[in-house]
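Report on the structure
Here are the chains, one letter per residue:
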Amino acid sequence: MSIRQAYSEWAVTYDSDRNLTRDLDALVTRESLSESHYHSILEIGCGTGKNTPFYRQIAERVVALDFSEGMIAQARTKLNGAPVLFAVADLTAPWPCADQSIDLVVCNLVLEHIADLGFIFAQAQRVLHPGGHFFVCELHPFKQYQGKKATFQREGGQTEIQAYVHHISDFLSAGQDAGFTLKRLGEWWHSEDVQLPPRLVSFMFEKEQ
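What comes next is a walk through the structure. Quick caveat, the model's predicted, so the values are computed rather than measured.

A word on the environment of Arg 184. Its location among the elements puts Arg 184 in strand β8 (residues 180–188). Under the relative-accessibility criterion, Arg 184 is labelled partly exposed at 42%. Distance in space between the C-alpha atoms of Arg 184 and Phe 67 is 29 Å, their sequence separation being 117 residues. Apart from residues no more than four positions distant in its own chain, Arg 184 is found in contact with Ser 32, Ser 202, Phe 203 and Met 204.

And the structure:
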């Protein structure tokens, strides 16, 4: 099953399935960004819109991209007519955004499904204003080393979604190559696994002026 097909199938139950990684990502995102305000945010891989209402609270304009129509359909139900522009887009192709048109690009639990980090960082660099920021929150590579990946249950059993292991050095190298400066790196644990390796890693990159 392709990554797109898997997420389209998962869309209906994604928000209600027990998922500590999803829940921790929401907490990390709010802790990292709640004191900020932006004119424009580009959310890449918005999924069911689990974070989109929060992004709308801290920005005047939000553009939310995902390659799954099923996921975007779920996301639309959360916004109740709020001015968010949703678009179906393949993140591994040039993004449908003008150059230097965005203040903050955000990416939550997406990059494990994308092989080429360099392309993602290059596109983020292209669409951001000088001095703009790129916030990334992903499954920690320590978890990936243990074989953890996105999965969901159906009557036919468990479906594992294809994933690529990205080391912390891969994120840092991709950022540097694209002209970003690392401003902040965080490692995060859910309250149920504080004695285990960190569940998530987050980065805040800044585009050079």
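Quick look at unusual backbone geometry now. Of note, the phi angle at Gln 100 is positive, near 50°, even though the residue is not glycine. Looking at where Gln 100 falls in the secondary structure, it is placed in the loop between β3 (84–88) and β4 (102–108). Among the residues examined, Gln 100 registers a relative accessible area of 45% and is labelled partly exposed. A positive phi angle, close to 55°, is found at Leu 109, a residue other than glycine. As for its position among the elements, Leu 109 is in the loop between β4 and α5 (117–127).

What follows covers the packing of aromatic side chains. Evaluated as defined, the whole model comprises ten aromatic pairs. The interplanar angle of 70° and the centroid separation of 5.0 Å between the aromatic rings of Phe 121 and Phe 134 together place this pair among those described as edge-to-face. Taken together, the positions of Phe 121 in helix α5 and Phe 134 in strand β5 (residues 128–139) put the pair 13 residues apart, joining distant regions of the chain. According to the relative accessible area criterion, Phe 134 is buried, its value standing at 0%.

Across its 14 residues, helix α2 (residues 20–33) extends 20 Å between first and last C-alpha, which sits within 8% of the 20 Å expected from 1.5 Å per residue. Inspection of α2 places Leu 20, Thr 21, Arg 22, Leu 24, Asp 25, Ala 26, Val 28, Thr 29, Ser 32 and Leu 33 among the buried residues, and these make up the whole buried set. Taken together, the buried residues of α2 touch β1 (38–44), α3 (52–57), β4, β5, β8 and β9 (200–207).

Further remarks concern the pattern of salt bridges. This structure, assessed with the given rule, holds five salt bridges. In this structure, Arg 18 and Glu 192 form a salt bridge, with 2.8 Å as the shortest nitrogen-oxygen distance. Of this pair, Arg 18 sits in the loop between α1 (3–10) and α2 while Glu 192 sits in the loop between β8 and β9, and the two are 174 residues apart along the sequence. Accessibility assignment for this pair places Arg 18 and Glu 192 in one class, exposed. The closest approach of N and O atoms between Arg 126 and Asp 99, which form a salt bridge, is 2.7 Å. With a gap of 27 residues between them, Arg 126 in helix α5 and Asp 99 in the loop between β3 and β4 connect regions that are remote in the sequence. The class of Asp 99 is exposed, set by a relative accessible area of 51%.

All right, on to the environment of Gly 147 then. Examined against the element boundaries, Gly 147 turns out to sit in the loop between α6 (141–145) and β6 (151–154). Owing to a relative accessible area of 47%, Gly 147 belongs among the partly exposed residues under this scheme. Through-space distance from the C-alpha of Gly 147 to that of Val 127 is 34 Å; in sequence the pair is 20 residues apart.

On to the sheet that holds β5, then. Read across the sheet, seven strands follow the order β3-β2-β1-β4-β5-β9-β8 without closing on themselves; strand pairing throughout is mixed. Both outer strands of the open sheet, β3 and β8, are each paired with one neighbouring strand and no more. The mean angle between the axes of side-by-side strands here comes to 15°, regardless of whether they run parallel or antiparallel. Both β1 and strand β2 (residues 59–66) contribute to a ladder of six bridges, which runs parallel. What sits directly across from Leu 42, in β2, is Val 63. Most of the contacts of α2 go to β5, to which it runs at about 150°, and overall it touches β1, β4, β5, β8 and β9. This element, α5, spans β1, β4, β5, β8 and β9 of the sheet and lies at about 145° to β5.

Parameters at a glance
Residues numbered from 1 in each chain as written. Predicted model: local features only at pLDDT ≥ 70, side-chain atom pairs only at ≥ 80, totals over all residues. Heavy atoms only, no water. Helix = DSSP H or I, 4+ residues; strand = E, 2+ residues; numbered from the N terminus. Buried < 20%, exposed > 50% of the residue type's maximum accessible area, 1.4 Å probe, protein only. Contact = heavy atoms within 4.5 Å. Phe/Tyr/Trp six-rings, centres within 6.5 Å; stacked < 30°, edge-to-face > 60°. Expected span 1.5 Å × (residues − 1). Salt bridge = Lys/Arg side-chain N within 4 Å of Asp/Glu carboxyl O. Pairing = 2+ DSSP bridges. Axes fitted to C-alpha atoms, helices over the stretch in contact; angles between N-to-C directions.

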